[in-house]
Amino acid sequence: MPGLSLVPLGASLVLADPAQLLPAREQMAFTLGFHIILVPFGVAFTFLMLIANARGIRRNDETALLLARRWSQVAAVLFAVGAVSGTMLSFELGLLWPRLMGNYGAAFGIPFAIEGLFFFLEAIFVAIYVYGWRRMRPWPHFWTGVPVVLSGIGGTLSVVAANAWMNQPGGFTMRDGKIVEVRPLEVIFNDAFWYEAIHMLLAAYVVAGFVVAGVYAAGMLRGRRDRYHRLGLLIPLTVAALATPLQVFVGDIAAREVYRNEPAKFATIEALPTTGTHVPEVLGGYYANGKVHGGLKVPSGASLLSGYSPSTRIQGLDAIPAEVRPPDRLVTIVHLSFDVMVGIGSALLALSAWYALAWWRRRDLPRSRWFLRATTVSGLLAVVALEAGWVVTEVGRQPWTVVGHLLTRDAVATSGNLWLFFAATVALYAAVGATTVYVLRLLRRRWRDQGGATETDVPYGPPRASESAPAGGQA
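Residues numbered from 1 in each chain as written. Predicted model: local features only at pLDDT ≥ 70, side-chain atom pairs only at ≥ 80, totals over all residues. Heavy atoms only, no water.

Trainee: Before we move on, could you go through the environment of A83 and cite the residues and values that matter?
Mentor: Along the polypeptide, A83 turns up in helix α3 (residues 62–96). Look at A83 and you get buried, because its relative accessible area is 18%. Residues A83 and G209, spaced 126 residues apart in sequence, show a C-alpha to C-alpha distance of 22 Å. (Helix = DSSP H or I, 4+ residues; strand = E, 2+ residues; numbered from the N terminus. Buried < 20%, exposed > 50% of the residue type's maximum accessible area, 1.4 Å probe, protein only.)

Trainee: Describe a positive patch on the surface, and please don't skip the residues or the numbers.
Mentor: The grouping of R222, R441, R444, R445 and R448 at the surface amounts to a positive patch. In this fold, R445 is placed in helix α14 (residues 418–450). Of the residues examined, R445 reaches a relative accessible area of 49% and is grouped as partly exposed. (Patch = residues over 30% accessible without salt bridge, like charges linked within 9 Å, V, L, I, M, F, W, Y side chains within 5 Å. Areas by Shrake-Rupley, 256 points an atom, 1.4 Å probe, with all protein chains shown as cover. Salt bridge = Lys/Arg side-chain N within 4 Å of Asp/Glu carboxyl O. Lys, Arg positive; Asp, Glu negative; His and termini not counted. Charge placed at Lys NZ, Arg CZ, Asp CG, Glu CD.)

Trainee: Which residues make up the packing of aromatic side chains, and what values do they have?
Mentor: Considering all chains together, one arrives at 26 aromatic pairs under this definition. Seen in terms of ring centroids, Y259 and F266 are 5.4 Å apart; in terms of plane orientation they differ by 65°. Their pairing is edge-to-face. Of the two residues, Y259 and F266, both sit in the buried class. Counting every residue linked through ring pairs, the aromatic cluster contains F30, F34, W419, F422 and Y429. Here R373 stacks its cationic end above the ring of W370, 4.6 Å away from the centre of that ring. (Phe/Tyr/Trp six-rings, centres within 6.5 Å; stacked < 30°, edge-to-face > 60°. Lys NZ or Arg CZ within 6 Å of the ring centre and 35° of its normal.)

Trainee: Hey, could you go over a nonpolar patch on the surface for me, with residue numbers and the actual values?
Mentor: A cluster of nonpolar side chains, contributed by L185, F189, W194 and I198, occupies part of the molecular surface with about 450 Å² of accessible area. Mapped onto the elements, L185 comes out in helix α6 (residues 184–188). Of the residues examined, L185 reaches a relative accessible area of 61% and is grouped as exposed.

Written out as structure tokens, the structure reads:
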């Protein structure tokens, strides 16, 4: 989004920018960083829920149905939290970045209008699905969950379309500084849409899969080796293990597209000071005073990965006009974030291969406790990689909000004390986050106390003693 920022910019740049720019960027970074964690659960966690539901119906598997029912309650809680944080982001776009919405809202607002439709559709069917347990016949109830998954995908693609448009804007005609014509399909399906959209969707399945698998792997490490925990691990881990190699492949394509179409961002990712060929791939290090300090250099690596040849020419930061060149600290942030994303992706790929090899040989999970330990931490690592990826795409665009059209410093609000607004936002999100953790822990405690008893129809309702279900253990 417009001003994702994790650290203050260089002192000289801060002095030249509006006083509101830094708090606006920090607030956008904070709220987007919070909200992006919830996105995989709206897109992919509900898909895991439906897999368990379908398995339960097809095989008359009460354990799978119990998982699906409990996961649906968690999905409902996280959907509510995502609605709060997503709504706040929508307000911030208008309050913090008035020139973005005022000058470019006719184009930029189209994907968000579509996202709103998907949001309402998702809200309706989440309610029907959660309420429909034991009130509807099994298969009709299952099909009410399908629109939840599809609307989650549609909403995510809409937001990605808006972000991609900011990176490679198109589909509009400007005259005298104002948009006079908009071509909606070109706005939505802009040049960056497809690789960003597929990359984000696969990231959602990777994150949700490893996070949920990690919860049940932790339970198995504590000795809970019942079928409930085993199935709770197998379903999400299988989805994540299938999505991870696809994500690595798509990520490679996306990086090459950035090289072709967003040369300034690519130079920032590579921390490349000057244009040239035989460009090394630098792992780690930091950028200062026009060069990379430290790090491991792979000779001609960047050129080989970009154009399959050591002689591939890559544009450096020196080709960017000085007035819109990213400062050194920002280059370091983007460069290291990319390294973190790729490094974690490689580790998750290795974990997926470990699981796939064991399953191919014995049709069973790896028996090593180290595998369970690795799976337990994989969810946290996947979330870190997700955050790092968004830092790359957002901070890597700076100092532009709409590349080539609107600088971030020109888009920001020029009145009001945004630091107070930022502080209030942090307090609100802290309360929302703490409440979310509290509610999820209440659910977990109830499930543990009930053992195999069927939980209530909604997360907050009182238990009904008249209902029962086969044993399933804890969440």
